[in-house]
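A closer look at the structure
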Amino acid sequence: MPPARPSRPSTSPPASIRAAGDTLDYTSETDGETMTIWFGPKGSPAFYKGRWSDDGNTLSGEWEWPGGGYKETMTRIEPAT
């Protein structure tokens, strides 16, 4: 089972994005097994839905929006030493 992840939605972009001056509004939610990210408010037709691997190191899912979408897999990397 992957490490526990927060379950409350996030609606604020990270400080690094806010500092650049331009932001994209999004809402995210995770339950420890899946993650959903909506472009804009929760329920938006443009969203990502992914599932964590059992070891918590890989997130695989799909971005979907009216007229398109794509599959995506993200894998955790170890920091360079």
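Below: a short report on this structure. (Residues numbered from 1 in each chain as written. Predicted model: local features only at pLDDT ≥ 70, side-chain atom pairs only at ≥ 80, totals over all residues. Heavy atoms only, no water.)

Re the environment of D25
By the secondary structure assignment, D25 is in the loop between α1 (15-20) and β1 (26-30). Not counting residues within four places of it along the chain, the set of residues in contact with D25 comprises W38, F39 and G40. (Helix = DSSP H or I, 4+ residues; strand = E, 2+ residues; numbered from the N terminus. Contact = heavy atoms within 4.5 Å.)

Let's talk about the nonpolar core
M35, I37, Y48, W52 and L59 form the largest nonpolar core, which has five residues in total. Elements with a minimum of two residues in this core: β2 (34-39) and β3 (47-52). In this view, M35 contacts E29, T30, Y48, K49, G50, W52 and L59; residues no more than four positions away in its chain are not counted. (Core = buried A, V, L, I, M, F, W, Y, C linked by side-chain atoms within 4.5 Å. Buried < 20%, exposed > 50% of the residue type's maximum accessible area, 1.4 Å probe, protein only.)

Thoughts on the packing of aromatic side chains
For the structure shown, the criterion picks out two aromatic pairs. Pairing Y48 with W63 gives two aromatic rings, centres 5.4 Å apart and planes at 50°, and the pair type is tilted. A residue pair is termed long-range when its members are at least 10 positions apart, and Y48 in strand β3 and W63 in strand β4 (residues 58-65) qualify at 15 residues. By relative accessible area, which is 1% here, Y48 ends up buried. Pairing W65 with Y70 gives two aromatic rings, centres 5.8 Å apart and planes at 70°, and the pair type is edge-to-face. Residue classification places W65 among the partly exposed residues on the basis of a relative accessible area of 36%. (Phe/Tyr/Trp six-rings, centres within 6.5 Å; stacked < 30°, edge-to-face > 60°.)

Examining the side chain of S44
As for its position among the elements, S44 is in the loop between β2 and β3. Side-chain polar atoms of S44 contact the backbone oxygen of F39, separated by 2.9 Å. Within the local environment of S44, its side chain forms a polar contact with the backbone nitrogen of A46, the two atoms lying 3.2 Å apart. Residues contacting S44, with those up to four places away along its chain left out, are W38 and F39. (Polar contact = N/O pair within 3.5 Å; in protein donor to acceptor, adjacent residues only side chain to side chain.)

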